[in-house]
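One-letter residues, chain by chain:
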Amino acid sequence: MKTSKILGCTALASLLLALPAFAQEAVAPAVEAVGEVVPVIDKGDVAWMLVSTMVVIVMTVPGLALFYGGLVRAKNILSVLTQVFLGFSMISILWVAYGYSLAFAGPTEGGLSAFVGDFSKFFLNGVTLKSTAATFSAGFVLPEMVFVVFQLTFACITSTLIIGGIAERMKFGALMAFLAIWFTFSYIPMAHMVWSSPGLLFGLGAYDFAGGTVVHINSGVAALVAAIVLGPRLGYMKEPIAPHNLVWTYVGAGLLWFGWFGFNAGSNLEANALTAVALMNTVLAPAAGALAWALGEKITRGHSSTLGAVSGAVAGLVAITPAAGFAGVGGAIVLGAIAGVVCLWAVVNLKPLLKYDDSLDVFGIHGVGGIVGALGTAVVAMPSLGGYPLGVAEEYSVGSQFMIQLTAVAIAISWSGVVAFVAMLIVKAIFGGVRVPESSESDGLDLSSHGERAYNN
């Protein structure tokens, strides 16, 4: 046995010595190939993004629907549930038809590439089993269909958030038409400007990890404008209009918080350490927002309410959305707490002062909280505060980034406000008015618009 081993080793050594030229010729092409980065689809990333997509759907249906449903009067809960459900359904189809293409396809040569894409992916033309979408890591991609459906959920929840501002008084058909117009001319361009590489705000370097401008300021301002054009509900500021079931609102808030993990952490498009940072921040900011709102209520009103706690949590979630992957844990806590206090002021003081009837405080929480978050992102991204800015940390300038964030906020406010106003005028002309008759409003939209009652004793 020992002799055979020695002979075998000698033969192997002779063979290796005889092959140097052949080995060099064989290895050379392989060495050249190493320089070419072949995009990789990581199954872990794909699985995480599919899960994130599903939880964002739960965030909307039933999360947002129940959150809003509990806040309206009993005679209107089904109207809100139906509006969210069918609004989600309509925007899903519009997203596939042309939304994705106009938001992310292109750029169009010689066209408005800084503001909108093109129709090259109309009805997902060209989105195949082999087409891919980039992630934030070189060499790693996602199947394009995964990116399409994940972004679909953002379009749907942003549009349905507006429903809270005009609840209990708008014609159902007029509402659906308004959402379709606003989605087309406000959501799509904002998504393109912020998240598509040819986009105006993307080019300026605006930080918006998961939708502070695209989702929250965009929808909050639209809700405010629509509410003002629509006019206040019957009896507003003359008689109490109390939520009919805060238990539903509490359940909805829990589902919103759960879904927000997919919303924020999913926006990293990968499953890695930064995803965990975004997820952790999505725990801490709403926790701080809930505590800050509750403390503010205790100081100013003598008690801490359940509605205040869940509202503060949502305010914190809104504020951390643009900063989820940029803030350290300390920055997330501070940002959430500030949002809780500022949004409390907007709901309790600003709204009565200006006398607008934003039924469920979409502007007070999403609009104002989105502004706080978008501007605050510039601060919490500072490396000295534990943040994670893009690029080289040593070159980060909080002043310069703040001005970029301010520009993004101003564009989002003005763009959404103008589109919402024009959309309301168009819908008003088409439907001969946007409000239900006073008798229908008094009876409730459940019965007058949908022929049903939520509670039959």
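Data block above holds the structure.
The following refers to the structure shown.

How each quantity is defined
Residues numbered from 1 in each chain as written. Predicted model: local features only at pLDDT ≥ 70, side-chain atom pairs only at ≥ 80, totals over all residues. Heavy atoms only, no water. Phe/Tyr/Trp six-rings, centres within 6.5 Å; stacked < 30°, edge-to-face > 60°. Helix = DSSP H or I, 4+ residues; strand = E, 2+ residues; numbered from the N terminus. Buried < 20%, exposed > 50% of the residue type's maximum accessible area, 1.4 Å probe, protein only. Contact = heavy atoms within 4.5 Å.

1. Side note on the packing of aromatic side chains
Stage number 1. The tally for this structure, following the rule as stated, stands at 21 aromatic pairs.
Stage number 2. When the centroid spacing of 4.3 Å and the interplanar angle of 5° are considered together, the rings of Phe 154 and Phe 263 count as stacked. On the criterion of sequence distance, the pair formed by Phe 154 in helix 5 (residues 144–161) and Phe 263 in helix 9 (residues 246–265) is long-range, its members being 109 residues apart.
Stage number 3. By relative accessible area, which is 1% here, Phe 154 ends up buried.
Stage number 4. Each ring, one from Tyr 356 and one from Phe 363, has its centre 6.3 Å from the other, and the planes form 80°; the classification is edge-to-face.
Stage number 5. Judged by its relative accessible area of 7%, Tyr 356 is buried.
Stage number 6. On the accessibility criterion, Phe 363 (13% relative accessible area) is buried.

2. Notes on the environment of Ser 186
Stage number 1. Checked against the element boundaries, Ser 186 lands in helix 6 (residues 172–195).
Stage number 2. When sequence neighbours within four positions are dropped, the list of residues in contact with Ser 186 reads Asn 218, Trp 415, Ser 416 and Val 419.

3. Considerations on the environment of Phe 88
Stage number 1. By the element assignment, Phe 88 lies in helix 4 (residues 77–104).
Stage number 2. When the C-alpha atoms of Phe 88 and Tyr 388 are compared, they prove to be 34 Å apart, with 300 residues separating the residues in sequence.
Stage number 3. Setting aside chain neighbours within four positions, we find Phe 88 in contact with Ile 57, Thr 60, Val 61, Cys 156 and Thr 160.

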